[in-house]
Amino acid sequence: ILFVMQYKFRRSLVGGTFDRFHLGHHQLLTTAFEQSEKVIIGIATDELFVNKSYAYLIEDFKDREQSVSTFLSQKGLENRSEIVPIHDFYGTSLTDEGLDAIFITESNTENVLKMNEARKKKEFTPLEIIVVPYIMGNDEEIVSSERIRKGEIDRKGDSYLKLFMSKSQFKLPEKAREELRRPIGPLEKQMKDVVLRLKPNTLLIAVGDIVAQNLMQLGRIPAVSVVDGKTRREVLTQNYTDLFPKAHATMTENPAGTITKIAAKTLHKAITTYETNHTEQLIVVSGEEDLLAIPAILFSPLGAIVVYGQFGQGIVVVKVSEQNKKRVQDLYRKFQ
C-alpha cells in the first residue's frame, strides 16, 4: 500500500533574513514543512534590513541562502521547497495566488495582516497565519540573529555572560597556561600599525595599561579600557583621570590567575553601556587584568577588536568573530 502524506496546506510561505542560521530558524522551517506540501522560502535582500540592529554585520545574501540550502538538503526537503529573494515584506504573496498559509514569529504579525489586506484587494484568498513560538536561550531570552551579532549568545542560544555566573571565581589551571600563551589573533610589534588598520567606527577594547595608553597617545581612544596600574607586576604611577579624562570609571576585583564573576559582570556592563550611549568606559582592576581579555572577546559584538599585550611577543589583535568566540569559550571551559 502506498502511503501518501496528507498536509494541512498545499503551498506555504516563510520569510526572513536567515542571518547566522540558528535554532529559531530551524524551528520555523521545520514547522512549516511538517504542515505544508511545498514551502516558498523568501530570503531578505539588503534593502529590507537597513534599519536592523547591527545590519552591517548581516551575512551576504549568498551565505544566508547557502545556510538555508544546507538545512534543506540535510533534511531531504529540496524537492518540497523553493528559495526566492524578497525585496519587501510582501515577498511573493501578491503574485502567487496559490499560497494558502504563512508561517511567522510573533514580531511579524502586523506585516502579515497588511499582506492579507493587499491580497483581498487582488481577490486572492487571505493566508492562514501560523505563529511559531520563539526558541529561548539558556538565559530565558529569545534566540535571535541580532543577539548573535551583538555577541550575547551563540547559535545554540547559550549566553556568554552566563558562563561566568555559576560561581564567584574561576581559576586558570596550570594545564591551560600553555594554551593561553598562544595568541588568539595576529601579532603586531608597533601600536601605530594596529591603529592604521582600524576602521573609524570599529568598537575597540584595550586590555592592559600600556596597550590602552599607547592607543590614547596615538589618538585612538578605546571604547572600553581595562587597566590594573601595573605592567609585568611593576607598579605604574597612574593618574587615571588625566589619562582617560572623558571615561566613566568603575572599580572591580580580579585576583591574579583568575576571572571573577564581579569583574566579568563589570566588563559586560561597560560594553553594553558604551554600545547604548557611546560614553568611553574605564575599568580599574584591583588585582590583575590579564585574563579579562577572555570575557572581553566573549561579550563584544561581532566585528569588534580586542587588543592586549603578549609578553615578549607583541600586541595581540583579536577581531571578534563566532570562530574566535568559540575558541575562547573552549579555553575558558578549562578554568576551575
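All values reported here derive from a predicted model rather than from experimental measurement.

S.K.: Just checking my understanding: could you explain the environment of Ile 130 for this structure?
M.R.: In this fold, Ile 130 is placed in strand S5 (residues 128-131). Of the residues examined, Ile 130 reaches a relative accessible area of 14% and is grouped as buried. C-alpha separation for the pair Ile 130 and Phe 244, spaced 114 residues apart in sequence, amounts to 53 Å. In contact with Ile 130, not counting residues within four places along its chain, are Phe 9, Gln 35, Ile 102, Phe 103 and Ile 104.

S.K.: Any chance you could explain unusual backbone geometry here in plain terms?
M.R.: A negative phi angle is the norm for most residues apart from glycine, just as the trans form is the norm for most peptide bonds. Despite not being glycine, Glu 123 has its phi angle at roughly 65°, a positive value. Within the secondary structure, Glu 123 is located in the loop between helix H3 (109-121) and S5. Residue Glu 123 is classed as exposed on the basis of its relative accessible area of 71%. Backbone geometry at His 278 places phi at a positive 55°, although glycine is not the residue there. Assessed through its relative accessible area of 55%, His 278 is described here as exposed.

S.K.: Please clarify how the sheet that holds S5 should be interpreted in this entry.
M.R.: Sheets are built from strands paired through backbone hydrogen bonds, the pairs being either parallel or antiparallel. Across the sheet, five strands lie side by side as S3-S2-S1-S4-S5; this open sheet has parallel pairing. Pairing within the sheet leaves two strands with one partner each, and these edge strands are strand S3 (81-86) and S5. Pairs of neighbouring strands in the sheet enclose a mean axial angle of 25°, with direction left out of account. The pairing of strand S2 (residues 36-44) with S3 spans six bridges and is classified as parallel. Counted as the bridge partner of Ile 41 is Ile 83 from S3. Strands S2 and S3 of the sheet are contacted by helix H2 (residues 61-74), whose axis makes an angle of about 160° with S2.

S.K.: Got a minute to help me understand helix H7 (residues 209-217) in this structure?
M.R.: Side chains that are three or four residues apart share a direction in an α-helix, a result of its 3.6 residues per turn. The set of residues buried in H7 consists of Asp 209, Val 211, Ala 212, Gln 213, Leu 215 and Met 216. Looking one or two residues past H7, Gly 219 carries a phi angle of roughly 80°, positive in sign.

S.K.: Looking at this structure, I do not really get the nonpolar core. What am I missing?
M.R.: For soluble globular proteins, the rule of thumb is that nonpolar side chains tend to be buried together. Judged by nonpolar contacts, the single largest core of 43 residues is most densely connected at Phe 164, Val 224, Leu 267 and Ile 294. Secondary-structure elements contributing two or more residues to this core are strand S8 (204-207), strand S9 (224-227), helix H9 (261-277), strand S14 (281-287), helix H10 (293-299), strand S15 (305-310), strand S16 (314-319) and helix H11 (322-332). Beyond its immediate stretch of four places on either side in the chain, Ile 294 contacts Phe 164, Leu 180, Ile 259, Val 328, Leu 331, Tyr 332 and Phe 335.

How each quantity is defined
- Residues numbered from 1 in each chain as written.
- Predicted model: local features only at pLDDT ≥ 70, side-chain atom pairs only at ≥ 80, totals over all residues.
- Heavy atoms only, no water.
- Helix = DSSP H or I, 4+ residues; strand = E, 2+ residues; numbered from the N terminus.
- Buried < 20%, exposed > 50% of the residue type's maximum accessible area, 1.4 Å probe, protein only.
- Contact = heavy atoms within 4.5 Å.
- Pairing = 2+ DSSP bridges.
- Axes fitted to C-alpha atoms, helices over the stretch in contact; angles between N-to-C directions.
- Core = buried A, V, L, I, M, F, W, Y, C linked by side-chain atoms within 4.5 Å.

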